[in-house]
Amino acid sequence: MRWITMLRLRFRSLLRRKAVEQDLDEEFRYHLERQTDEEIAQGKTPEEARYAALRSFANAQQRKEECRDRRRLNLISDLARDFRYSMRQLRRARGFTAAAIIVLALGVCASTAIFAIVDAALIQPLPYPDPSRLVGVYEHEVNFERSNLSYLDYLDWKKQNKVFTSLEVYRDSGFILSTLPAHSRRVRHA
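Since this is a predicted model, take the numbers as computed values, not measurements.

## A few points about a positive patch on the surface
Turning to step 1, where the next piece is worked out: A contiguous patch of positive charge, built from Arg17, Arg84, Arg88, Arg91, Arg92 and Arg94, is present on the exposed surface.
Turning to step 2, where the next piece is worked out: The leading source of residues in the positive patch is helix α5 (residues 74-92), at 4 residues.
Turning to step 3, where the next piece is worked out: You can see arginine 17 is positioned in helix α2 (residues 17-41).

Here it is, written out as structure tokens:
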């Protein structure tokens with residue numbers, strides 16, 4: 001139950017700040033009056049007692065700050081204050097604001113595009129069953145390590161294939177041959 005009470009008090013401190021500050025001021029005034037009464041009881045005049053009580057509460061503002069820190073809501077109020085200040089500054093310097101927004105938008109777009117490429121190329125599995133078994137086979141010429149393959153050579157390789165489950169080709173022109181169980185079709189690729 002203690003944590004529910006603490007949570008309720010913290011929300012009160014956040015939402016009803018003026019009332020909480022008034023309560024804090026009243027509490028410090030109460031302690032100041034009690035200290036003044038104690039000083040009067042020790043035989044001092046009311047003016048001397050008040051002065052002595054004020055000396056004992058010399059760092060009252062510091063203690064109030066300690067009480068505010070104990071609420072652990074300074075982070076939220078500081079963030080709200082910083083946000084309001086930054087909005088005022090951005091409204092004042094419109095050219096800087098426009099430049100900052102454009103740079104941030106370009107950065108976000110570039111990051112998104114790079115992630116999309118990395119995701120498609122490295123993270124997402126290929127749309128084939130058991131993609132770890134895909135192999136690239138090329139024709140080797142003297143001057144070309146990966147030479148283009150003619151369609152007739154492809155048909156010969158496919159007919160003589162005894163090693164691979166299936167042998168298909170692709171072209172770097174933006175189309176590939178996709179083999180489905182019933183038929184092949186041409187598909188645009190990125």
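## Description of the nonpolar core
Turning to step 1, where the next piece is worked out: Counting 5 residues, the largest nonpolar core consists of Leu24, Phe28, Leu32, Ala53 and Phe57.
Turning to step 2, where the next piece is worked out: Ranked by the residues each element gives to this core, the list is headed by α2, at 3 residues.
Turning to step 3, where the next piece is worked out: Sequence-distant contacts of phenylalanine 57, defined by excluding residues within four places in its chain, comprise Phe28, His31, Leu32 and Gln35.

## Structural notes on helix α3 (residues 46-56)
Turning to step 1, where the next piece is worked out: Listed in full, the buried residues belonging to α3 are Ala49, Ala52 and Ala53. In a view along the axis of α3, the buried residues occupy a sector of 100 degrees, so they form one face of it. Pointing more than 90 degrees away from the buried face of α3 are the exposed residues Glu47, Tyr51 and Arg55.
Turning to step 2, where the next piece is worked out: Residues of α3 that are buried make contact with α2.

## Focus on the environment of threonine 112
Turning to step 1, where the next piece is worked out: Examined against the element boundaries, threonine 112 turns out to sit in helix α6 (residues 94-123).
Turning to step 2, where the next piece is worked out: Relative accessible area serves as the criterion here: at 49%, threonine 112 is assigned to the partly exposed category.
Turning to step 3, where the next piece is worked out: A polar side-chain atom of threonine 112 sits 2.8 Å from the main-chain carbonyl oxygen of valine 108.

## Some points on the environment of phenylalanine 164
Turning to step 1, where the next piece is worked out: For phenylalanine 164, the location among the structural elements is in the loop between α7 (151-160) and β1 (175-179).
Turning to step 2, where the next piece is worked out: Judged by relative accessible area, phenylalanine 164 falls into the partly exposed class, the value being 35%.
Turning to step 3, where the next piece is worked out: For the pair formed by phenylalanine 164 and leucine 134, sequence separation is 30 residues and the distance between their alpha carbons is 9.5 Å.
Turning to step 4, where the next piece is worked out: Setting aside residues no more than four positions away along its own chain, phenylalanine 164 makes contact with Val135 and Val137.

## Quick word on the packing of aromatic side chains
Turning to step 1, where the next piece is worked out: Tallied over the full model, the rule gives 1 aromatic pair.
Turning to step 2, where the next piece is worked out: Seen in terms of ring centroids, tyrosine 151 and tyrosine 154 are 6.1 Å apart; in terms of plane orientation they differ by 40 degrees. Their pairing is tilted. With tyrosine 151 and tyrosine 154 both in helix α7 and 3 residues apart, the pair spans about one turn of that helix.
Turning to step 3, where the next piece is worked out: A relative accessible area of 57% places tyrosine 151 in the exposed class.

## Quick word on the packing of α2 against α3
Turning to step 1, where the next piece is worked out: Where α2 meets α3, the axes come as close as 8 Å, and the angle between the chain directions of the two elements is 130 degrees. What the angle tells us is that α2 and α3 run oblique. Along this stretch, α2 crosses α3, giving a crossing that reads as right-handed. Contacts between α2 and α3 pair Leu32, Gln35, Thr36, Glu39 and Ile40 from the former with Pro46, Ala49, Arg50, Ala52, Ala53, Leu54 and Ser56 from the latter.
Turning to step 2, where the next piece is worked out: Counted by class, the contact of α2 with α3 contains 7 nonpolar, 3 polar and 2 charged residues.

Parameters at a glance
Residues numbered from 1 in each chain as written. Predicted model: local features only at pLDDT ≥ 70, side-chain atom pairs only at ≥ 80, totals over all residues. Heavy atoms only, no water. Patch = residues over 30% accessible without salt bridge, like charges linked within 9 Å, V, L, I, M, F, W, Y side chains within 5 Å. Areas by Shrake-Rupley, 256 points an atom, 1.4 Å probe, with all protein chains shown as cover. Salt bridge = Lys/Arg side-chain N within 4 Å of Asp/Glu carboxyl O. Lys, Arg positive; Asp, Glu negative; His and termini not counted. Charge placed at Lys NZ, Arg CZ, Asp CG, Glu CD. Helix = DSSP H or I, 4+ residues; strand = E, 2+ residues; numbered from the N terminus. Core = buried A, V, L, I, M, F, W, Y, C linked by side-chain atoms within 4.5 Å. Buried < 20%, exposed > 50% of the residue type's maximum accessible area, 1.4 Å probe, protein only. Contact = heavy atoms within 4.5 Å. Arc of directions from axis to C-beta. Polar contact = N/O pair within 3.5 Å; in protein donor to acceptor, adjacent residues only side chain to side chain. Phe/Tyr/Trp six-rings, centres within 6.5 Å; stacked < 30°, edge-to-face > 60°. Axes fitted to C-alpha atoms, helices over the stretch in contact; angles between N-to-C directions. Parallel < 35°, antiparallel > 145°, perpendicular 65-115°, else oblique. Left-handed = near helix turned anticlockwise from the far one by under 90°. Nonpolar A, V, L, I, M, F, W, Y, C, P; charged D, E, K, R; others polar.

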